[in-house]
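Structural features, examined
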Amino acid sequence: MNAQNRISSHDELLSPRPLPLETGIRRLDDGRLLVAVRTELPGCAGRMVEWWFKFFETTQHIRWWHPHDHHRMHGWDQRWRRGESYVGACVRAEESLGDFPPVTAVLKFHEPADFFTADALAQAKREQAVSGLVCARIAFGDEPRLAADGDPLDGEMIHLARDKPQGAVLRSRFVLGGESPVPDELGLGLMQHCYNEFSSLARFLPSLYYGEHANGEKGPLAW
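Residues numbered from 1 in each chain as written. Predicted model: local features only at pLDDT ≥ 70, side-chain atom pairs only at ≥ 80, totals over all residues. Heavy atoms only, no water.

So the rule is basically this: UniProt positions are given in the numbering used here, feature names are shortened, and annotations may be inferred rather than shown by experiment.
The name an unreviewed UniProt entry assigns to the protein chain is Hydrolase, from the organism Chromobacterium vaccinii. Under the UniProt heading Cofactor (unreviewed entry), the note attached to the protein chain is "Zn(2+)". Note on the protein chain: under the UniProt heading Sequence similarities (unreviewed entry), the record states "Belongs to the DAPG/phloretin hydrolase family."

Rendered as structure tokens:
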């Protein structure tokens, strides 16, 4: 990833300590908008969050995820392999952000190493401060701005999960803005959208994960 397309503070997400901005928006010095969201995922684990991105592929699936804001799944490209891998793949879907009208979102997924320094990421994994990571570049619109290699140019997205006894906690971060500034209202809409979609996902993800025997797991029995 080009250095000018990343910010230097992604590594702070790896620490389990409280951050100055867990949920909210902040305008960066270069004019881009940072959107932060913290969501509790009861009964979930980071591996389940990562698996979800290897599973969903239909409009029905994304409507489970956010029944209000997710409208239509346009599909994954050929680099996505169901149940196996989403890194390197692109997905397109139509969604809205609260009061904002529906728009096509394009996401290309990256290795976490493109967003974090190698030493900090390795240490966080050793200390079990990270149990799941989903990272992507994003763009919006019917004719999204894309680099020559297909990388979206409107911003970046990180979902970082950390397992706790009662479930996972998810830190989501978006950095938006390319050639034109993103209004604060859009950032607030995205913050609400993200919190709602992962709160909704947490309600059914464990049952789906175990029902699909994801990662070969049959799941615990209640009796």
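From this point, the narrative continues.
Some words on the sheet that holds strand 7 (residues 155-164)
Two pairing modes exist for strands in a sheet, parallel and antiparallel, and in both the strands are linked by backbone hydrogen bonds. Which entries qualify depends on this criterion: When DSSP finds two or more bridges between a pair of strands, those strands are recorded as paired. Every helix listed is a DSSP run of H or I at least four residues long, and every strand listed is a run of E at least two residues long, numbered separately from the N terminus. Convention adopted: a line fitted to C-alpha atoms gives each axis, helices being fitted over their contacting stretch, and angles between N-to-C directions are expressed from 0 to 180 degrees. Note on contacts: a residue pair qualifies if any of its non-hydrogen atoms lie within 4.5 Å across the two residues.
Overall, antiparallel pairing links the eight strands, which are arranged 1-2-8-7-6-5-4-3 in an open sheet. Single-partner strands in this sheet number two, and they are strand 1 (24-27) and strand 3 (70-76). The average angle at which neighbouring strand axes cross in this sheet is 25°, direction not considered. The strands touched by helix 1 (residues 46-55) are strand 2 (33-42), strand 3, strand 5 (100-110), strand 6 (132-140), strand 7 and strand 8 (167-176); relative to strand 6, the strand with the most contacts, the crossing angle is about 40°. Here helix 4 (residues 184-211) sits on the sheet in contact with strand 1, strand 2, strand 3, strand 4 (90-97), strand 5, strand 7 and strand 8, set at roughly 15° to strand 2.

Describing the packing of helix 1 against helix 4
Rule in force here: Roughly parallel means an angle under 35 degrees; roughly antiparallel means over 145; roughly perpendicular covers 65 to 115; every other angle is labelled oblique. Residues are grouped as follows: Ala, Val, Leu, Ile, Met, Phe, Trp, Tyr, Cys and Pro are nonpolar; Asp, Glu, Lys and Arg are charged; all remaining types, including Gly, are polar.
The geometry of helix 1 relative to helix 4 is characterised by a closest axis approach of 10 Å and an angle of 85° between their N-to-C directions. Judged by the inter-axis angle, helix 1 sits roughly perpendicular to helix 4. On the side of helix 1, the interface is formed by Arg 47, Met 48, Val 49, Trp 51, Trp 52, Phe 53 and Phe 55, while helix 4 contributes Phe 198, Leu 201, Phe 204, Leu 205, Pro 206, Leu 208, Tyr 209 and Tyr 210. For the contact of helix 1 with helix 4, the class distribution of residues is 14 nonpolar, no polar and one charged.

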